Structures are given as structure tokens and as C-alpha cells.
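Each chain, letter by letter, is given below.
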Amino acid sequence: MKRLFFRLMTLVLMCAAGALGILAWFAHTPVLLRQSPLDFTIEPGSPMKQVARQLVDAGIDVEPFTLVLLSRMTRQANGIKAGSYEVETGVTPLGLLDKLTRGDVTQAELPLIEGWSFRQIRAALDRHADLRHDSAGLDDAEILRRIGAAASHPEGLFFPDTYLFAKRSSDLDILRRAYRHQQKVLQREWEQRADGLPYKTPYQALIMASLVEKETGQAKDRPLVASVFVNRLRAGMLLQTDPTVIYGLGTEFDGNLRKQHLQNDTPYNTYTRPGLPPTPIAMPGVAALRAALHPPQTDYLYFVARGDGSSAFSRTLDEHNRAVAQYIRKRNP
């Protein structure tokens with residue numbers, strides 16, 4: 001009996017050693033891919049058996065049962081992270097599991113550009129193929145609620161930057177990150193603002209920064225543009241800035257700003273209404289925000305675009321009229 005027992009034990013150990021050898025060979029043998037590089041996605045909440053099936057369906061020639069067994073032997077079965085991944089020829093099952101447990105996801109990017117309106121931001125989100133479009137069909141108010149913003153209007157609340165994200169991320173996640181970034185930057189810059197500014201809240205500074213952003217063609221002009229607007233507010237003058245009028249027209253604007261538009265009263269028409277418009281009109285960057293919060297001391301009250309992206313600044317209406325004659329009427333005889 002003892003001899004039989006030892007023979008059985010030896011057989012079991014040999015089988016176990018053989019199984020471990022096969023598993024080790026499997027773990028370190030490169031798998032075949034349908035193409036290289038190969039993109040695939042692991043859905044959130046997928047158990048290991050479902051993960052293995054998703055890999056096979058994506059074009060990775062791996063034996064699901066053996067992969068599940070390997071994941072349990074290496075204690076990785078419960079550490080798989082959802083997301084989009086990319087693998088290339090030469091990847092082994094063990095390397096594949098390592099990638100999935102590290103969450104080594106592939107990243108895409110989305111640039112949000114200074115001066116964009118929220119409508120342009122939504123359009124960029126909608127056309128990005130690597131995003132999950134959870135905001136589709138939602139109105140602006142519902143989007144603000146979903147991202148945790150207490151504001152009632154979305155314009156200007158998002159920080160312009162290039163955002164990296166794992167493929168198949170929600171577009172609401174991008175908006176949430178951009179919103180929080182803008183809030184952080186705005187609070188930081190507000191705390192360092194110059195004294196005596198004609199706005200009382202960070203939101204008013206954000207509005208001013210959006211005007212500076214839309215009226216500036218060259219970076220060096222931002223502080224001077226801000227100084228003009230600040231001087232006009234202090235003097236009780238109308239801001240008379242065309243971008244606010246255009247914003248108030250919305251989708252009705254056809255690219256040609258006419259005199260009748262300047263006379264058509266809307267909440268955003270700074271030719272007919274004093275002070276700042278009720279909300280930002282675009283997404284300002286940090287340079288425009290700093291210009292709004294640190295305008296230089298000047299006596300400029302007017303500026304006009306030269307046509308090359310720069311502006312000519314004037315102290316009096318006569319100077320301004322001469323600049324308009326020089327730069328505008330020559331372009332539009």
C-alpha cells in the first residue's frame with residue numbers, strides 16, 4: 001500500500017509539475033494578433049472570464065480558460081482595470097495581464113482653444129471618435145448639473161488646454177476636469193489681483209477676461225485692451241465691443257456685423273447697455289485673465305484693429321477717429 005501511495009503521489013506531482021510547466025510556457029509565449037498594433041477595450045465591471053472573451057473577440061489568439069487560470073495563479077484576476085488598450089506583436093499572456101492590471105491604457109487628446117464658445121466646445125466633444133458621448137441630447141443646464149457646477153450658464157467656465165484621456169472616457173469627464181481647472185485658476189488669480197478693479201467678484205473678472213480674449217489678436221495687446229475696458233468702466237462709458245454684440249446674436253450672426261446689429265438691444269449689446277455683459281462670451285485663457293486682473297495704468301479709452309492682428313490705441317475720440325480712418329476705412333472704402 002505504501003508503495004502504491006508513493007507511486008500515486010509521484011504521478012500527481014509529475015502531473016502538477018507538467019501542468020505548471022505548460023502554464024509557464026503559455027505565460028511566456030507570444031500570442032498571435034489579428035493585426036499589430038491592436039486596439040481593444042475592456043468594459044467596466046467585467047469579471048476575468050468576460051475579460052478573456054473580450055480579448056479573443058478583439059483579435060487576440062489566447063486560450064480563455066488558460067488565461068483565466070494564469071490570472072488566478074498570479075493573483076491578477078481581480079485587479080483588471082477597464083479602459084482602452086493597445087498591444088503589439090510579441091506580447092505574452094503574462095505581459096497582457098500586467099498591462100491590464102497596471103491600467104496601462106492608451107490615451108487620446110482633445111484641445112480646447114482659447115476664445116472658443118461653449119457651443120464650439122460641445123461640437124469638438126461630439127465629433128471626437130475616442131470619447132463616449134454621454135452629453136448627447138443634454139441641455140446646457142443638465143450638463144452643468146452632471147459635472148457639479150452651481151452656475152446657471154456654461155460660457156467661460158472651462159479652462160482652455162489639451163486634455164489627455166483614456167479612450168472611451170465620457171465627454172462629461174473632460175468637461176468636469178476643464179471646469180475644475182478653470183475654477184482653480186480663477187480663484188488663484190483672483191487672490192493675486194490688483195487693487196481698485198471695477199469688478200467685485202471672480203465671475204466678473206472672468207467676464208472681463210473673455211472680452212479681452214475675443215478682442216485680442218496679438219498677445220502683447222492683451223494688457224492694453226484690458227486697460228481700455230477698465231478705464232471705460234471707471235468713467236461710466238459704454239464698453240462698445242463688437243464680440244459681445246456678435247455673441248448676443250448667436251446663430252443669427254452670418255459673419256457680417258452691420259450697423260443695425262449695434263442698435264439691436266440684447267443683454268450682450270455693450271453699445272446699448274452699460275457695464276459688463278451678464279456672462280462671459282468665450283473661454284478665456286490664463287493670459288487674458290491675468291490681463292483683466294492686472295491692467296496697466298494707461299489713459300487709453302479706445303482701440304481699433306489694424307488688420308494685422310494688432311490694435312492701435314487712442315486717448316481721445318479725435319485720435320480714435322483718425323485711427324479708424326487709417327485702418328478701417330482704407331480696408332472698406
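Since the model is a prediction, treat every value here as computed from it, not as a measurement.

### Notes on the side chain of Ser 311
Phase 1: Here Ser 311 lies in strand S10 (residues 311-314).
Phase 2: Residues contacting Ser 311, with those up to four places away along its chain left out, are Glu 215, Asp 221, Phe 303, Val 304, Ala 305 and Arg 306.

### Details of the nonpolar core
Phase 1: Ranked by internal contacts, the top residues of the largest apolar core, which has 54 residues, are Ile 121, Phe 158, Leu 175 and Tyr 199.
Phase 2: Looking at this core, the elements that each hand over two or more residues are strand S5 (107-111), helix H5 (118-127), helix H6 (140-146), strand S7 (162-166), helix H7 (171-191), helix H8 (202-215), helix H9 (222-235) and helix H12 (286-293).
Phase 3: Ranked by the residues each element gives to this core, the list is headed by H7, at eight residues.
Phase 4: What Tyr 199 contacts, discounting residues up to four positions off in sequence, is Trp 190, Gln 204, Ala 205, Met 208, Val 230, Leu 233, Leu 276, Ala 292 and Leu 293.
Phase 5: Counting residues in each nonpolar core, the second largest holds 25 residues, with Phe 26, Ala 27, Ile 42 and Leu 55 among its members.

### With respect to the packing of helix H3 (residues 64-73) against helix H4 (residues 93-102)
Phase 1: With their axes 11 Å apart at the nearest point, H3 and H4 run at an angle of 60° to one another. If you check the angle between H3 and H4, you find them oblique. Crossing hand, H3 versus H4: right-handed. Packed against H3, whose contacting residues are Leu 67, Leu 70 and Ser 71, the element H4 presents Pro 93, Leu 94 and Leu 97 at the interface.
Phase 2: Of the residues in the contact of H3 with H4, the class split is five nonpolar, one polar and no charged.

### Details of helix H10 (residues 242-249)
Phase 1: Residues Pro 243, Thr 244, Val 245 and Leu 249 constitute the buried set of H10.
Phase 2: The inward-facing, buried residues of H10 abut H8 and helix H11 (259-263).
Phase 3: Of the residues one or two after H10, Gly 250 is the one with positive phi, at around 60°.

### Details of the packing of H9 against H12
Phase 1: Relative to each other, H9 and H12 sit at 45°, their axes nearing to 8 Å. The orientation of H9 with respect to H12, classified from their angle, is oblique. The way H9 lies across H12 gives a crossing that is right-handed. Within the contact between the two elements, H9 uses Arg 222, Pro 223 and Ala 226 and H12 uses Ala 287, Ala 288, Ala 291 and Ala 292.
Phase 2: Class assignment of the residues belonging to the contact of H9 with H12 gives a composition of six nonpolar, no polar and one charged.

Conventions and cut-offs
Residues numbered from 1 in each chain as written. Predicted model: local features only at pLDDT ≥ 70, side-chain atom pairs only at ≥ 80, totals over all residues. Heavy atoms only, no water. Helix = DSSP H or I, 4+ residues; strand = E, 2+ residues; numbered from the N terminus. Contact = heavy atoms within 4.5 Å. Core = buried A, V, L, I, M, F, W, Y, C linked by side-chain atoms within 4.5 Å. Buried < 20%, exposed > 50% of the residue type's maximum accessible area, 1.4 Å probe, protein only. Axes fitted to C-alpha atoms, helices over the stretch in contact; angles between N-to-C directions. Parallel < 35°, antiparallel > 145°, perpendicular 65-115°, else oblique. Left-handed = near helix turned anticlockwise from the far one by under 90°. Nonpolar A, V, L, I, M, F, W, Y, C, P; charged D, E, K, R; others polar.

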